[in-house]
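Letter by letter, the chains look like this.
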Amino acid sequence: MKKTLTVLIVAGALLGAAGCSAAAPQLSNEETCTRIQGVGAGPTSAADKTGMIRLANRLRPVEVTSSDELKAPLRDIIEFLDESAKANPDAAKLEELQPKYAAAGQALGAVCGGGGTGGQ
């Protein structure tokens, strides 16, 4: 009985790991832009700290499946939002991240036709 239970637990763990490790499908630029625009249009785009946290959290799953071209800009936006939303943001780090954030917003605007979320 104990061996059977162990085998079942191991089998379940292997099946779970196989299911979790399956790569998420990569989106095209158009699909990525559509998802970004959906996130930006939501009620989480407020400029306060809570709004920034929510926006970053809504962008994370988009970044994971985004097109290769938009992955880095999304990562830069999320990193900037994360630092900005901290209780005591590091001013030097924000200064370093600001140009990347602005460039990311421009990149999203260029690819998505003005539908980017950052860079102001």
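Nothing here was measured: the structure is a model prediction, and the numbers come from that model. Within any chain, residue numbers begin from 1 and follow the written order of that chain's sequence. This being a predicted model, a pLDDT of at least 70 is required before a residue's local features are given, and a value of 80 or more before pairs of side-chain atoms are given or counted; all residues contribute to the totals for chains, interfaces and linings. Derived side-chain values reflect all non-hydrogen atoms in the structure, with water molecules and hydrogen atoms excluded from consideration.

A. Layout of the confidence of the model for the protein chain. The predictor attaches a confidence to each residue, and that confidence, scored 0 to 100, is pLDDT. Looking at the protein chain, pLDDT values average 79 and 69% of them are 70 or higher. Between two residues, a contact is recorded if the distance between any of their heavy atoms is within 4.5 Å. Per-residue pLDDT stays below 50 along residues 4-8; that stretch engages in zero contacts with residues further than four places along the chain or on separate chains. Below a pLDDT of 50 lies the segment residues 115-120, which in the model reaches 19 contacts outside its immediate sequence neighbourhood of four places, other chains included.

B. The arrangement of the state of the cysteines in detail. Cysteine sulfurs are considered disulfide-paired once they come within 2.5 Å of each other. Evaluation of the coordinates by the stated rule reveals one disulfide. Here Cys 33 is linked by a disulfide to Cys 112, with a sulfur-sulfur distance of 1.9 Å. The chirality of the disulfide connecting Cys 33 with Cys 112 is left-handed, given an S-S dihedral of about -80°. With Cys 33 in helix α2 (residues 29-40) and Cys 112 in helix α5 (residues 91-112), the pair connects residues that are 79 residues apart, well separated along the chain. Segments assigned H or I by DSSP are reported as helices when at least four residues long, segments assigned E as strands when at least two residues long, and all are numbered from the N terminus.

C. Spatial organisation of the packing of helix α3 (residues 49-65) against helix α4 (residues 68-84). Orientation is described by lines fitted to C-alpha atoms, with helices fitted over the stretch in contact, and by angles between N-to-C directions that extend from 0 to 180 degrees. One way to put it is that α3 packs onto α4 with a least axis distance of 9 Å and a crossing angle of 155°. Looking at the two axes, α3 sits roughly antiparallel to α4. Where α3 crosses over α4, the handedness of that crossing is left-handed. Every residue of α4 that contacts α3 at Lys 49, Met 52, Leu 55, Ala 56, Leu 59, Arg 60, Val 62, Glu 63, Val 64 and Thr 65 is listed here: Lys 71, Leu 74, Arg 75, Ile 77, Ile 78, Leu 81, Asp 82 and Ser 84. Working rule for angles: under 35 degrees goes down as roughly parallel, over 145 as roughly antiparallel, 65 to 115 as roughly perpendicular, anything else as oblique. Whether a crossing is left-handed or right-handed is set by the direction in which the near helix is turned from the far one by less than a right angle, anticlockwise for left-handed and clockwise for right-handed.

D. Expanded view of the environment of Val 62. Tracing the chain through its elements places Val 62 in helix α3. Exposure is judged per residue with a 1.4 Å probe applied to protein chains only, and the accessible area is read against the type maximum: over 50% gives exposed, under 20% gives buried, and values in between give partly exposed. Owing to a relative accessible area of 1%, Val 62 belongs among the buried residues under this scheme. Through-space distance from the C-alpha of Val 62 to that of Gln 26 is 9.8 Å; in sequence the pair is 36 residues apart. Val 62 has contacts with Thr 32, Arg 35, Ile 36, Val 39 and Leu 74, leaving out every residue within four places of it along the chain.

E. Molecular detail of the pattern of salt bridges. We define a salt bridge as a side-chain nitrogen of Lys or Arg found within 4 Å of a carboxyl oxygen belonging to Asp or Glu. Using the criterion set out here, one finds four salt bridges in the structure. Among the ionic pairs, Lys 86 bridges to Glu 83, the shortest N-O distance being 2.9 Å. Judged by its relative accessible area of 3%, Glu 83 is buried. Where Glu 83 meets Lys 93, a salt bridge forms, and the shortest distance between an N and an O atom there is 4.0 Å.

F. Broad picture of the nonpolar core. Core analysis: the biggest nonpolar cluster contains 21 residues, and Leu 59, Leu 74, Ile 77, Leu 81 and Leu 108 have the highest contact counts within it. Broken down by secondary-structure element, the contributors of at least two residues to this core are α2, α3, α4 and α5. Among all residues touching Leu 74, those that are not within four sequence positions of it are Thr 32, Ile 36, Leu 59, Val 62, Glu 63, Ser 66 and Leu 108. Only buried residues count toward a nonpolar core, which is a set of Ala, Val, Leu, Ile, Met, Phe, Trp, Tyr and Cys residues joined through side-chain atoms within 4.5 Å.

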